[in-house]
Amino acid sequence: MTLRADTPPTATRIHRFGPVQRWVHRTTALLMGVCVLTAAFLYIPELAQLVGRRELVVRVHEVAGLALPVPLLAGLASRALRADVRLLNRFFPHDRLWLRAALRRDRRRESRPAGKFNAGQKIYAAWITGATLVMLGTGLIMWFTHLTPLMWRTSATFVHDWLALTIGIVLAGHIGMAVADPEARRGMRTGSVSQEWAEREHPLWRR
């Protein structure tokens, strides 16, 4: 039996993320979603009225917040994840070119060179990691009220609330960009992407 001459060739798939990277991303996303959802029920009056057991929502919020760093810390046992963290933590000359093009709204592919992660992804990863640590620290100050003076608790509450709002906005942007790029979502879901997408979006990625 022979294939027909007009049968389209199967697109080449390239490995992008292993099971550990995908597990860390999904678990962290789930915990972050729980934190955002419970925070909304605690601070938005219209939603708070729908919850009969406010104390339970507070406990779920606290547990999810404390568990937020756990997936990443556990995943660091994987050499593949550590390699990705090193890439996310380093800015190369081509990342500066990508960032300048993004600020100028230059959408030409040749003006936005990128390795495995582009400059926008690196900035987002650094920002969300720092924001999570600040939220964890301020949350602990708010939780253990007897360990810190009143001024600290008041300041922690102010930072925690406004940073939570900022995180919600940034996460909405992150989700929106993911929705606009089905192949990037497929790479995080299945671990592989098409060769055409990789060459177009991440031409400097050394696979």
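The structure contained in this document is the topic of the report that follows.

Calculation rules
All residue numbers here refer to positions counted from 1 along the written sequence of the relevant chain. Totals for whole chains, interfaces and linings use every residue, but because this is a predicted model, local features are given only for residues with pLDDT of at least 70 and side-chain atom pairs only at 80 or more, for both listing and counting. Values reported for side chains reflect all heavy atoms of the structure, with hydrogen atoms and water molecules removed beforehand. Strands here mean DSSP runs of E at least two residues long; helices mean DSSP runs of H or I at least four residues long; both are numbered from the N terminus. Atoms counted for the radius of gyration: C-alpha only. Globule rule: 2.2 Å times residue count to the power 0.38. Accessible area is worked out with a 1.4 Å probe on protein chains only. A residue is then buried under 20% of its type maximum, exposed over 50%, and partly exposed in between. Note on contacts: a residue pair is in contact if any heavy atoms of the two residues lie within 4.5 Å. Accessibility throughout is a Shrake-Rupley quantity obtained with a 1.4 Å probe, and a residue counts as covered only by protein chains that appear here. Only four residue types enter the charge count, namely Lys and Arg as positive and Asp and Glu as negative; His and the chain termini do not. The atoms used to mark charge sites are NZ of Lys, CZ of Arg, CG of Asp and CD of Glu. Among the buried residues, those of types Ala, Val, Leu, Ile, Met, Phe, Trp, Tyr and Cys that are joined through side-chain atoms within 4.5 Å form a nonpolar core. Salt bridges are defined as contacts in which a side-chain nitrogen from Lys or Arg sits within 4 Å of a carboxyl oxygen from Asp or Glu. Note that patches include only residues with greater than 30% relative accessible area and no salt bridge, and the join distances are 9 Å for like charges and 5 Å for nonpolar side chains (Val, Leu, Ile, Met, Phe, Trp, Tyr).

**What to know about the overall build of the chain**
So, point 1. Scanning the chain from N- to C-terminus turns up ten helices and two strands.
So, point 2. Along the chain direction, N to C, the helices and strands of the chain fall in the order β-α-α-α-α-α-α-α-α-α-β-α.
So, point 3. What you see for the chain is a C-alpha radius of gyration of 21 Å, clearly larger than the 17 Å of a compact globule of 207 residues, by over 25%.
So, point 4. Its C-alpha atoms give the chain principal-axis dimensions of about 75 × 45 × 35 Å.
So, point 5. Scored against the burial criterion, the 207 residues of the chain give a buried share of 30%.
So, point 6. Considering only contacts within the chain whose residues lie at least 6 apart along the sequence, 68% involve residues at least 24 apart.
So, point 7. Of the roughly 13,900 Å² of accessible surface on the chain, a fraction of 66% belongs to carbon and sulfur atoms.
So, point 8. Side-chain charges of the chain comprise 29 positive and 14 negative groups, with the mean position of each set lying 5 Å from the other.

**Overview of the nonpolar core**
So, point 1. Residues L31, M32, C35, A64, L68, I128, A131, M135, L163, I167 and L171 constitute the largest nonpolar core, which totals eleven residues.
So, point 2. Elements with a minimum of two residues in this core: α1 (19-43), α7 (119-143) and α8 (150-179).
So, point 3. Ignoring anything within four residues of it in the chain, the contact list for A64 reads L31, V34 and C35.
So, point 4. Within the second largest apolar cluster, five residues are counted, among which are I14, V193, A198 and W205.

**Things to note about the pattern of salt bridges**
So, point 1. Within this structure, the stated rule accounts for eleven salt bridges.
So, point 2. Note that R13 and E183 form a salt bridge whose closest N and O atoms lie 3.0 Å from each other. Separated by 170 residues along the polypeptide, R13 in strand β1 (residues 13-15) and E183 in helix α9 (residues 182-190) bring together distant segments of the chain.
So, point 3. The partly exposed category is assigned to R13, whose relative accessible area is 37%.
So, point 4. Relative accessible area serves as the criterion here: at 11%, E183 is assigned to the buried category.

**Details of a nonpolar patch on the surface**
So, point 1. Judged by side-chain polarity, V134, F158, V159, W162, L165 and I169 come together as a nonpolar surface patch covering roughly 610 Å² of accessible area.
So, point 2. Among the elements that line the nonpolar patch, the one with the most residues is α8, at five residues.
So, point 3. With respect to the helices, strands and loops of the structure, L165 is situated in helix α8.

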